[in-house]
Amino acid sequence: MSRLTLISLCLLAGAAGSLAVPTKREATAEAETQPKITYSKETLTKDGEEVKLDCAVVGVDLDGVEDFGIDEENPTNSFPISANDKILLFGTKYTIDHPADSYQYSLVIKEVSEEDTGKYRCTVNFGGDQKINAEVPVHIQKAPYFTDDFTKTLTVTEGDAISIDCQPGGWPKPDVYWERLGQELPYYGGKFFKSNQLDIPLIERDHEGHYVCYADNDIGDPANSHIILEVQFAPEVVVEEKQVFAAPSDPVKMACTVFAKPSADIAWYKDDQAILGGANMKISKVELEEGKGFTTTLSIGEASAENFGSYSCRAVNAIGKTEQTIEVRMKSAPLIVKQSRSEVLYDLEKTNLRDALPVVIECEAEGHPTPDFRWTKNGAQLVWQADPRFSLEDGTGNLLISDPTMDDNGLYQCFAYNELGTAVGDPVYLLNTTRIEFSNNKDNTDLYPVEAELGRPYKLSCPEATGYPKPSLNWVKAIARESQIELEFVSDERIVADPDGNLWFTHITEDDATADKFKYMCLGSTEFEPADYSIASTIELSVVSPADGNVNSEEHSVNVETFSMYTSPETVTFQAEQENTLWCIYGGEPVPSVEWRRTDGEEMDKERFVTRNFGRTLVVKDTMLSDAGEYECRSSNGVGASKSTKIQVEVEMKPTFRSELASQTVREGATVTFTCDAEATGEVVYNWIFNGRVLDKDGHHRRTLAGNKLTINDVSVVDVGNYACNATSSVGYAYGQAVLNVIPMDRSAGGVGGGSCGGISELKKEISALRETVDTMHNLLQEHFSVSQHNHEKLHKIAESMGVPEMSTVLLINEVIGNGYFGSRGQRPTQRSSPRPRLRKGSAPYLEIPLYQGVV
Ligand SMILES: *[C@@H]1O[C@H](CO)[C@@H](O)[C@H](O)[C@H]1NC(C)=O
Ligand SMILES: *[C@@H]1O[C@H](CO)[C@@H](O)[C@H](O)[C@H]1NC(C)=O
């Protein structure tokens, strides 16, 4: 179709966005020549100005091209604006500027306004369907603006995620900044954040505030939009004092501070019962600054028995509910619930090692308010703060002494006090142990040869041992086996050790000769470190023929009539409630047997009376006062007459509580009696201590001290405190304590007082259970033990002399049951300085020894 060319421009929709620039590749390939079109780029203009959009074809001769034309079109509404130099639209807004003899058709838009914004298209027709398009976006500069420029309020709930969008108008597209007036922006931090979107993934209550979105594009003034963010949340209840202690008749105040949005309703409860207030109970409310919350206070005028217990304040709003509990407890004087026993020992050689644990003198007390502690040493105040080696363990009154020296030895006493009274601990000696020394004063690693006559009774003696605590002595066979030495306690039908450290043979046999097989060894150890053996002597025994040459006919043994080798003294004093023993060691050939009886014919019940060491030891467990009397052991071996020894047994009992002194809570005016229920042999003197002071026998008109009872008449709050009883006899004492609480009579409206007693006894149960656990753990620890260095060196030398030069371990393969020295229950859990399993590396010959407990 042959027609005149048209140039048209058109406005494209969605003026904003990417700029679509037609590429030259859009020019037709079949064109005989390569036409090029030039056109205006993206155009930015101001309101009211004139815009000229060029469109031209250059670099080609179009003579004779019949169909050539340039159309201009506004593609937004697809209105053709022009065809060549002809305006197709009505009006005076557009003109075409077409210089003669050119292929340029420029569209001129007069007095542009916002509605002229958009894309304009110029189409060049080369005839047929060969076309090239060019598009020119036209923008009108405009300062930023918001269509909704009022302040908006946004209400969200704590924990929500929000995203606030800010899309201002204006050209160029404005930059958007967020600000929170007067505060940093949440989540992003800082004062400004540049983004159209403000995201807060987890709303917190303090994100509340006035947020402003600023839009700026350097044209005119920036615009802004305001958002008030309100955060709602479930009540938060803050309680500063969760436990309130009060003495009876004291005023009590409990406070809860409540934060909530919307504001919360509050209610107080006691044990699930709503409190409405009353003469003795008032509820008040005080608003915090800036309406952030309020504090509600429950005040009790004068606390009486029924006011003690558990309170709660509950707050509710539309978002949720929250509650907090406050305990009102009766104040009480301190009560010592745990302390070291009479002596705390430490080993000077070990406690000054670098990693040694401090020695602990224990003192733990309960009481409200929580007691403070002080200590005296030898009766004078101990200013432990002045010595960096001393400290008090947190939360207890335990006195820790690092690196103790002999100067620290002494009598320590602990005092636990609070505003209601003072509890006094039983005094405790701090003492260093003393290493075991033997009277032979020799290098005990030398082998000591002895001779014993075959068939004849024999005794091996151990040198006397001194040390603290008092050492006990035991005999072992040291048997060399490859790279170790086995220590086997000696105790069989013929051979037994007595409690003084003598080893008795009823008669000697060839088996007793040590030769190369083993050595006899006497070992000393103390209760402090039962497994650290000191070597008293090492003996080689050879068996020789008897000097008298007497033998039975046809045999190389001679019968020996039984005779007493070692027996307990004529009169023995047993300690009640403990395990006690009687000894009868008889010699002779054949081996004699020993029988025990009571001469008064009383039964010896099999539960408590047992024998050890093949009948030679009578053991009385849990000794009772009724076990006093005369005992007899009788020995016979069929040679000559039987022999017997009578032993008079007395039982003494140091004061022992039948029942603990009990804490009491009573009403004012009542009569209180504390009973020091101690059992003992001999005379018992009762001393009473009130808040640390010994009570005079006749010092007070309302108090009576009679026998084991302390009676207080017409009690009042001045009698509140710690009461202790010291029941003393010539052989020992029992010390116990309890607290007294008094509820003023006229303030309490019925009901029985004394809620705290149950609590204390529960606690005591727990504490004693814990104590047992500690004891058990301690015993477990002792099953693995160490031999101290100097003892080990000696053992090593002996091993060498026995042909075990590379000794690596020492095995203890059985336990002496005989004299009960082992498996000692004497180690106190309070002595934390006592042996810990230790395996020394390197050259120091510290070895761990497993203890094999065999049964003899
Ligand atoms: C109890 O009495 C004994 C013997 O008189 C005394 O050694 C001990 O220190 C007393 N204990 C207390 C806590 O007073
Ligand atoms: C404490 O140790 C020293 C030195 O080892 C000793 O002489 C002293 O006897 C020991 N004290 C006690 C009470 O055993």
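Provided above is the structure to which this section pertains.
Here the structure is a predicted model, which means the values were calculated and not measured. As a convention, each chain's residues are numbered from 1 in the sequence order in which they are written. Chains carry letters from A onward and ligands carry numbers from 1 onward, assigned in written order. Where totals are concerned, whole chains, interfaces and linings use all residues; where local detail is concerned, this predicted model gives features only for residues with pLDDT of at least 70, and gives and counts side-chain atom pairs only at 80 or more. Heavy atoms throughout the structure, all of them, feed into the side-chain values; hydrogens and water do not.

Visitor: Even after reading the chapter, I still don't get the pairing of strand E20 (residues 209-216), so can you show me in this structure?
Guide: Across a regular strand the side chains alternate sides, sitting on one face of the sheet and then on the other. Strands were regarded as paired on the criterion that DSSP finds at least two bridges between them. The secondary structure listing takes helices from DSSP runs of H or I that are at least 4 residues long and strands from runs of E that are at least 2 residues long, numbered from the N terminus. With six bridges joining them, strand E17 (residues 175-180) and E20 adopt antiparallel strand pairing. Residue pairing for E20: Trp178 is matched across the bridge by Cys213. Summarising the sheet, E20 and strand E21 (residues 223-238) pair through seven bridges and their orientation is antiparallel. In the sheet register, Ala215 faces E21, and the bridge partner there is Ala223. Between E20 and E21, which follow one another and run antiparallel, lie six residues, and Asp218 among them has a positive phi close to 70 degrees.

Visitor: When you look at the site of ligand 2 in this model, what are you seeing that I'm missing?
Guide: In this text, near means that some heavy atom of the residue lies within 4 Å of the molecule or strand in question. Every residue close to ligand 2 is listed here: Leu348, Met406, Leu431, Asn432, Thr434 and Tyr468. The term polar contact refers here to a pair of N or O atoms within 3.5 Å; inside protein, the definition further demands a hydrogen-donor-capable atom paired with an acceptor-capable atom, and it admits residues adjacent in sequence only when both atoms are side-chain atoms. Within the side chain of Thr434, an N or O atom sits 2.3 Å from an oxygen atom of ligand 2. When the free accessible area of ligand 2 is taken as 360 Å², the share hidden by the protein chains comes to 53%. Within the shell around ligand 2, the residues separate by chemical class into four nonpolar, two polar and no charged. Only the protein chains shown count as covering a residue, and every accessible area follows the Shrake-Rupley method with a 1.4 Å probe. Residues are grouped as follows: Ala, Val, Leu, Ile, Met, Phe, Trp, Tyr, Cys and Pro are nonpolar; Asp, Glu, Lys and Arg are charged; every other residue, Gly included, is polar.

Visitor: I would appreciate a short explanation of the packing of aromatic side chains in the present structure.
Guide: In this description, a pair of aromatic rings is defined by centroid distance and the angle of the planes. Two aromatic rings, drawn from Phe, Tyr or Trp (for Trp, its six-membered ring), form a pair once their centres lie within 6.5 Å of each other, and the interplanar angle then sorts them: stacked below 30 degrees, edge-to-face above 60, tilted otherwise. Enumeration according to the criterion identifies 10 aromatic pairs in this entry. Pairing Phe192 with Tyr214 gives two aromatic rings, centres 6.4 Å apart and planes at 65 degrees, and the pair type is edge-to-face. You can see Phe192 sitting in strand E18 (residues 192-194) and its partner Tyr214 sitting in strand E20, a full 22 residues away along the chain. Given the relative accessible area of 23%, Tyr214 is considered partly exposed. Geometry around Phe192 places Lys191 over its ring, the cationic atom sitting 5.7 Å from the centre. Relative accessibility decides the category of a residue: with a 1.4 Å probe and only protein chains considered, values under 20% of the type maximum give buried, values over 50% give exposed, and everything between is partly exposed. In this analysis the charged atom, NZ for Lys or CZ for Arg, is taken to sit over a ring once it is within 6 Å of the ring centre and within 35 degrees of the ring normal.

Visitor: Looking at this structure, I do not really get the site of ligand 1. What am I missing?
Guide: Taken together, the neighbourhood of ligand 1 is formed by Gln413, Gly425, Asp426, Pro427, Ile689, Asn726, Thr728, Tyr733 and Tyr735. A distance of 2.9 Å separates a nitrogen atom of ligand 1 from a polar side-chain atom of Asp426. In the environment of ligand 1, an oxygen atom lies 2.3 Å from a nitrogen or oxygen atom belonging to the side chain of Asn726. In isolation ligand 1 offers 360 Å² of accessible surface; the protein chains occlude 65% of this area. Contributions of two or more residues to the shell around ligand 1 are made by strand E67 (721-729) and strand E68 (732-743).

Visitor: Mind showing me how you'd approach the state of the cysteines here?
Guide: When the sulfur atoms of two cysteines share a covalent bond, that bond is a disulfide. Criterion for a disulfide: a pair of cysteine sulfur atoms within 2.5 Å. The full count for this structure, using the stated rule, is seven disulfides. In this model Cys363 forms its disulfide with Cys414; the gap between the sulfur atoms is 1.8 Å. Taking the torsion about the S-S bond as the criterion, the Cys363 to Cys414 disulfide, at about -50 degrees, is left-handed. In this pair, Cys363 sits in strand E33 (residues 363-368) while Cys414 sits in strand E38 (residues 410-418), placing the two residues 51 residues apart along the sequence. For Cys414, a relative accessible area of 2% puts it in the buried group. Paired by a disulfide, Cys676 and Cys725 hold their sulfur atoms 1.7 Å apart. Taking the sign of the S-S torsion, -85 degrees for the link of Cys676 and Cys725, the bridge is left-handed.

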